[in-house]
Amino acid sequence: MESFPAMKNDLLLRAARGEKVEKVPVWAMRQAGRYLPEFREVRSKHDFFTVCRTPELACEVTLQPLRRMDLDAAIIFSDILVIPQALGMEVQMVPGKGPVFPNPLVTPDDIQKLNATPDISKELGYVFEAITLTRQKLEGKVPLIGFSGAPWTLMSYMIEGSGSTTFSKSRFWLYRYPEESKKLLSILTDVIVKYLVGQAKAGAQLLQVFESHGGFLDETIFNDFSLFYLRRIASEVKQHLISEDITPVPMTVFAKGAHYAVESLAQTEYDVIGLDWTMDPEKARSTAQKYNKSLQGNLDPAALYGSCESIAQRTTEIVRKFGGKGHIANLGHGMHPDMEPEHLNAFVEAVHRSSEELIQKQ
Ligand code: 1CP
């Protein structure tokens, strides 16, 4: 493995492990993106997947939000849909619509068409290169987060062919073709494990798994078609790293909408459980404490549409509810393109200010 500059700010890593911090670390999902004029400037010259596939461009847009705000983490610029691409599916990023698959999976026979065992360093090596370059360019300023989509969320895009309000086509598969669905989820899990191990080896210091469509499943279906694979990912990534004499990096799972799953996720090998904005921090905290887990979240992203004063007030309240220890402050989901950078900055500053006060009093 490469050697990287010494860390100047490791608040994120300490909070992920539940260790003592002087203030709560903060970052934002989708902190690189269209709400930043400098990102739109890059995107006016290069299409979305060209940015992902060009390490210098991916590194540049990863660093952009850190030049404006006192964030405690960078997240590598990429997308969860690079995995379906690595399996041989075409994905287009359509302006105003988001990701579109011209040829989605229609029946289980279509699974045969996938390249189920891709050479990860060949197909996704550009992500690893972007991570290594960004770690160098960060100069130890803050830790770098790597990520992947979770199997069910990726499967649902591969079948729907785009985002959806009902996910009826992919949920049809779960009830009508349960065995074939599990085969697909298992193919995805194997690829995700290799991909995340590769990211850690390339220099990612924390790995987040996005189960963005978790909340479309009821608890029983979630347990069989999501949790089972999420659990395998954390455990296998850590085992692989240990077997290569690499200290496992902390891992975060974000299962949006899966209220019922906080306790079962706390029983897995993830270190941090991400909460969306509809989940109750105090309830989650009492569950997480039983299993020595940290929490991430959970200001309603829409709160950033309010005034800077109201953002500071809501943030202070949330920081108090999480209690300062084992907390990584974040939004309950990603930034929207029409948000003002100054309002995200108000959130970042309020997390630091209010958590420092809270921790000093403890
Ligand atoms: O034209 C553009 O610039 C497109 C906007 C955009 C951006 C900035 C997309 C398309 N993806 C991204 C980057 C991205 N995606 C990052 C890295 C940047 C960062 O966080 O700072 C990450 C972590 C993702 C992850 C991602 N992509 C998720 C999981 C998180 C979540 O939002 O739940 C999902 C579901 C996607 C799919 C996707 N990619 C892009 C869009 C608009 C979407 C969502 C589409 C939908 O509505 O279903």
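In short, a report on the structure. (Residues numbered from 1 in each chain as written. Predicted model: local features only at pLDDT ≥ 70, side-chain atom pairs only at ≥ 80, totals over all residues. Heavy atoms only, no water.)

The next subject is the overall build of the protein. Of regular secondary structure, the protein possesses 15 helices and 9 strands. The C-alpha atoms of the protein give a radius of gyration of 19 Å, which matches the 21 Å a tight globule of 362 residues would have. Counting only C-alpha atoms and orienting by the principal axes, one finds that the protein spans roughly 60 × 45 × 45 Å. Looking at the protein residue by residue over its 362 residues, the buried ones come to 60%. For the protein, long-range pairs separated by at least 24 residues make up 75% of all intrachain contacts whose partners lie at least 6 apart in sequence. For the protein, the exposed area adds up to about 15,100 Å²; of that, 49% sits on carbon and sulfur atoms. The averaged location of the 45 negative side-chain charges in the protein is 1 Å from the averaged location of its 40 positive side-chain charges. (Helix = DSSP H or I, 4+ residues; strand = E, 2+ residues; numbered from the N terminus. Rg over C-alpha atoms; globule rule 2.2 N^0.38 Å. Buried < 20%, exposed > 50% of the residue type's maximum accessible area, 1.4 Å probe, protein only. Contact = heavy atoms within 4.5 Å. Areas by Shrake-Rupley, 256 points an atom, 1.4 Å probe, with all protein chains shown as cover. Lys, Arg positive; Asp, Glu negative; His and termini not counted. Charge placed at Lys NZ, Arg CZ, Asp CG, Glu CD.)

A large share of strand β8 (residues 294-299) lies buried, amounting to 6 of its 6 residues. As judged from the 3 bridges shared by strand β7 (residues 272-274) and β8, these two strands associate in the parallel manner. The residue of β8 that forms the bridge with V272 is S294. Handedness of the β-α-β unit built from β7, helix α13 (residues 281-290) and β8 comes out right-handed. As paired elements, β8 and strand β9 (residues 327-331) share 5 bridges and run parallel to each other. Directly across from L299, in β9, lies its bridge partner L331. The parallel pair β8 and β9, bridged by helix α14 (residues 308-322), forms a crossover whose chirality is right-handed. (Pairing = 2+ DSSP bridges. Right-handed = clockwise from strand over helix to strand, strands pointing away.)

This part covers the layout of surface pockets. Computed from the structure, the largest pocket encloses a volume of approximately 1,400 Å³. Together, 45 residues line the largest pocket, and R30, D79, P99, Y157 and M335 are the ones closest to its centre. Of all the secondary-structure elements, those providing two or more residues to the lining of the largest pocket are α2 (37-45), α3 (48-53), β2 (92-94) and β3 (98-100). Looking at the lining of the largest pocket, its residues break down into 26 nonpolar, 11 polar and 8 charged. (1 Å grid on protein atoms, 1.4 Å probe; cavity = no way out; pocket = protein on both sides within 12 Å on 5 of 7 lines; lining within 4 Å. Points joined across faces, edges and corners; volume = space filled by probe spheres on them. Nonpolar A, V, L, I, M, F, W, Y, C, P; charged D, E, K, R; others polar.)

On to the side chain of Q296, then. Along the chain, the position of Q296 falls in strand β8. Accessibility expressed as a relative area gives 2% for Q296, which makes it buried. Once you skip the residues sitting within four places of it in the chain, Q296 turns out to touch W27, Q208, T252, V272, I273, G274, L275, I328 and N330.

Attention shifts here to the site of the ligand. By nearness alone, 21 residues border the ligand, and R43, D79, Y157, S212 and H333 come closest of all. Here Q31 contributes a backbone N or O atom positioned 3.1 Å from an oxygen atom of the ligand. Contact with the protein chains removes 84% of the 880 Å² of surface that the ligand exposes when unbound. The class makeup of the residues in the shell around the ligand is 11 nonpolar, 6 polar and 4 charged. (Near = heavy atom within 4 Å. Polar contact = N/O pair within 3.5 Å; in protein donor to acceptor, adjacent residues only side chain to side chain.)

Glancing now at the packing of aromatic side chains. Where two aromatic rings form a pair, the distance of their centres and the angle of their planes describe that pair. A full pass over the atoms with the stated rule returns 11 aromatic pairs. Taken together, a centroid distance of 6.1 Å and an interplanar angle of 35 degrees make the contact between F128 and Y195 tilted. A residue pair is termed long-range when its members are at least 10 positions apart, and F128 in helix α7 (residues 125-138) and Y195 in helix α10 (residues 178-202) qualify at 67 residues. With respect to class, F128 is no different from Y195; both count as buried. (Phe/Tyr/Trp six-rings, centres within 6.5 Å; stacked < 30°, edge-to-face > 60°.)

There is a patch of like negative charges on the surface, built from D70, D338, E340, E342 and E349. Summarising the element assignment, D70 is placed in the loop between α4 (55-68) and β1 (74-75). Take D70: its relative accessible area is 46%, and that puts it in the partly exposed class. (Patch = residues over 30% accessible without salt bridge, like charges linked within 9 Å, V, L, I, M, F, W, Y side chains within 5 Å. Salt bridge = Lys/Arg side-chain N within 4 Å of Asp/Glu carboxyl O.)

By themselves, these are just geometric observations and shouldn't be taken as functional.
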